[in-house]
Amino acid sequence: MRKIWLRLHRFLGLTAALFLLLAGLTGSIIAYQQELDAWLNPDLFESLEQGPLLATGELMERLQHDWPQYRIVSLPLNREAGKAARITVRAADADQLVDADELFVDPVSGKVLGGRIWGACCFERRHLIPFIYVLHYSLQLPGETGLWVMGSAAIVWLFESLVGFYLTLPKTKPRSMQPSPNGHGLQKNWLQRWAMAWRIKPGASAMRLSFDLHRAGGLWLLVLMLMMSVSAISLNLRDAVFEPVVSLVSEFTPSPFDAREQRSEQPPVEANMAFADILQSAALEAATRDWDKAQASIFYNAGYGIFGVGYGDNQGLGLSYLYFDGATGAYLGDYVPGSGTAADIFEAWQLPLHSGQIIGLPGRVLVSLSGLAVVGLAITGVLIWLSKRKALRVKQRAVSSLSSAD
């Protein structure tokens, strides 16, 4: 039975190795996406204008007046002097092609400093970090194809980690210390023999070092690997895999989006309500909850016809949201991460854990290092396979030579 699991481990590892290698490398980079993007593109992220910040309404009016080909999708409400406001936009006409879906706007003058298509190819500095970000979770493949490919790789990663853990366990059951058959001291018990799997033998050969790094690394990082693989599944295959599986244990609280079918193949639903009106309604609703957190962002999802106003500082579990109908302005519901059913809470933890934002910069550093660890495990796994394959070929040639001699 153990041989079957070993072959499965080898097959799964080789199947997912390239995808995990790519995910680990890109993940270790995008853990610092904000800092790297701003460093590469100071002309987009830095604002040089001095003076008071424009009110949200005035900023939007100037943008809509100067750039009528766009409709605002989302914008930050906690803008700072010296830093450009990143505003997401879409084409005003569904049949119109535009050259940007993200604009960088001076919060003092309302001047557009530049724009880009998020995730566009390839290595020009303005597009590099978003390109790597999209490459990380979808390989830049069209539609949902990339989500399924990388989501499937995450499922393989999950099973591969569990099978790998099983294979580190000693073959025999635990037994008490007793004299060894050859009479030399005491035989190691089960826990002592398993403890060896957690260590890297000093002065070992290159092959043994690769094996120890692969086995011990997988053990020491097992919890982190399981966490990253499950969260990757939740982010890529939320509706198809994650929620159906979690629903077997706990039900999810329906959201306003669940009650509306996305009109993906139809033109966007233009809102009848102004952003300013929604912000006022949100302030009144928040006051009834005694929220002491400030408004952080607002968006309008034209696929569902829903406004969302975010509250908080996007640390820990992230922003809380109030939702409103785009046609009538009616309050539709909320999203408060860390509340609701066990399924709601479990899902709310996935993105903060995967990105490391759950504990701020230390978390992002840990996620970055885990990405490099995934790369190391993938490389050592392939090296072990190549070494064993080479040894097998040598053995087969030796057997063939003996057969020929006979």
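Residues numbered from 1 in each chain as written. Predicted model: local features only at pLDDT ≥ 70, side-chain atom pairs only at ≥ 80, totals over all residues. Heavy atoms only, no water.

Chemist: An account of the environment of Ser205 is needed here, citing residue identities and associated values.
Modeler: Positionally, Ser205 belongs in the loop between helix H7 (190-195) and helix H8 (206-220). The partly exposed category is assigned to Ser205, whose relative accessible area is 45%. With 109 residues separating them in the primary sequence, Ser205 and Asn314 have C-alpha atoms 48 Å apart. (Helix = DSSP H or I, 4+ residues; strand = E, 2+ residues; numbered from the N terminus. Buried < 20%, exposed > 50% of the residue type's maximum accessible area, 1.4 Å probe, protein only.)

Chemist: An account of the sheet that holds strand S2 (residues 85-91) is requested, with residue identities and associated values reported.
Modeler: Pairing is antiparallel across the open sheet formed by eight strands, whose spatial order is S4-S3-S2-S1-S5-S6-S7-S8. Unpaired on one side and paired on the other, strand S4 (112-116) and strand S8 (331-335) mark the two borders of the sheet. Across the sheet, the mean angle from the axis of one strand to that of its neighbour is 25°, orientation sign disregarded. Bridge count between strand S1 (residues 70-76) and S2: four bridges; the pairing is antiparallel. The residue bridging Arg71 from the neighbouring strand is Arg90, located in S2. Strands in contact with helix H4 (residues 56-66) are S1, S2, strand S3 (102-105) and S4; relative to S1, the strand with the most contacts, it is inclined by about 150°. (Pairing = 2+ DSSP bridges. Axes fitted to C-alpha atoms, helices over the stretch in contact; angles between N-to-C directions. Contact = heavy atoms within 4.5 Å.)

Chemist: Account for the packing of helix H1 (residues 2-30) against helix H6 (residues 145-168), naming residues and giving values.
Modeler: Relative placement of two packed helices is described by the angle separating their axes and the distance separating the axes. At a minimum axis separation of 8 Å, H1 and H6 run at an interaxial angle of 140°. In this view, H1 runs oblique relative to H6, as classed from their interaxial angle. Note on packing geometry: the crossing formed by H1 with H6 is left-handed. Residues Arg2, Trp5, Leu6, Leu8, His9, Leu12, Gly13, Ala16, Phe19, Leu20 and Ala23 of H1 form the contact with H6, whose own contacting residues are Val149, Met150, Ala153, Val156, Trp157, Phe159, Glu160, Val163, Gly164, Tyr166, Leu167 and Thr168. (Parallel < 35°, antiparallel > 145°, perpendicular 65-115°, else oblique. Left-handed = near helix turned anticlockwise from the far one by under 90°.)

Chemist: Summarise the pairing of S8; cite the residues concerned and give the values.
Modeler: Where a strand is regular, its side chains alternate between the two sheet faces. As defined by bridge partners, strand S7 (residues 320-325) adjoins S8 across four bridges and the pair is classed as antiparallel. Its bridge partner being in S8, Phe324 is matched across the sheet by Tyr331. Turn length for the S7-S8 hairpin, with the two strands adjacent in sequence and antiparallel, is five residues, and the turn residue Gly329 shows positive phi of about 80°.

Chemist: Explain a positive patch on the surface to me, and be specific about the residues and the numbers.
Modeler: A cluster of like positive charges, contributed by Lys3, Arg7, Arg10, Lys171 and Lys388, occupies part of the molecular surface. A per-element tally of the positive patch places H1 first, with three residues. Tracing the chain through its elements places Lys388 in helix H14 (residues 361-405). (Patch = residues over 30% accessible without salt bridge, like charges linked within 9 Å, V, L, I, M, F, W, Y side chains within 5 Å. Areas by Shrake-Rupley, 256 points an atom, 1.4 Å probe, with all protein chains shown as cover. Salt bridge = Lys/Arg side-chain N within 4 Å of Asp/Glu carboxyl O. Lys, Arg positive; Asp, Glu negative; His and termini not counted. Charge placed at Lys NZ, Arg CZ, Asp CG, Glu CD.)

Chemist: Lay out the pairing of S7 with the relevant residues and their values.
Modeler: Of all six residues in S7, six are buried; the element is thus mostly enclosed. Judged by which residues are buried, S7 turns out to be covered on both faces: Ser320, Leu322 and Phe324 on one side and Tyr321, Tyr323 and Asp325 on the other are all buried. Here six bridges tie strand S6 (residues 306-311) to S7, and the two strands are oriented antiparallel to one another. Note on S7: the bridge partner recorded for Gly308 is Tyr323.

Chemist: Can you lay out the environment of Cys122 for me, pointing to particular residues and giving the numbers?
Modeler: Summarising the element assignment, Cys122 is placed in the loop between S4 and helix H5 (125-138). Apart from the residues lying within four places of it in its own chain, the contact partners of Cys122 are His127, Leu128 and Phe131.

Chemist: Break down the pattern of salt bridges for me, with residues and values.
Modeler: Any two side chains of opposite charge can pair, on the condition that their charged atoms come close. In this structure the tally under the stated criterion is 16 salt bridges. For the salt bridge of Glu58 with Arg62, the shortest nitrogen-to-oxygen distance reads 2.9 Å. Here Glu58 and its partner Arg62 are both found in helix H4, four residues apart, which amounts to about one turn of the helix. Since its relative accessible area comes to 35%, Glu58 is described here as partly exposed. Shared partners join several salt bridges into a network, and the residues in it are Asp37, Arg86, Glu102 and Arg116.

Chemist: Describe in detail the side chain of His136, supporting the description with residues and values.
Modeler: Within the secondary structure layout, His136 lies in helix H5. Classification of His136 as buried rests on a relative accessible area of 16%. Residues contacting His136, with those up to four places away along its chain left out, are Ala23, Thr26, Gly27, Ile30, Met150 and His354.

Chemist: Just give me the short version of helix H11 (residues 275-288), but keep the residues and values in it.
Modeler: An ideal rise of 1.5 Å per residue puts 20 Å on 14 residues; H11 measures up with 20 Å between its terminal C-alpha atoms. Within the sequence span of H11, burial applies to Phe275, Ile278, Leu279, Ala282 and Ala286. Down the axis of H11, the buried side of the element spans an arc of 100°, and every buried residue falls inside it. When the buried face of H11 is taken as reference, the exposed residues oriented beyond 90 degrees from it are Gln280, Leu284, Ala287 and Thr288. The inward-facing, buried residues of H11 contact H4, S1, strand S5 (295-301), S6 and S7. Just beyond H11, the residue with positive phi is Asp290, at close to 60°. (Expected span 1.5 Å × (residues − 1). Arc of directions from axis to C-beta.)

Read these as spatial facts, not as claims about activity.
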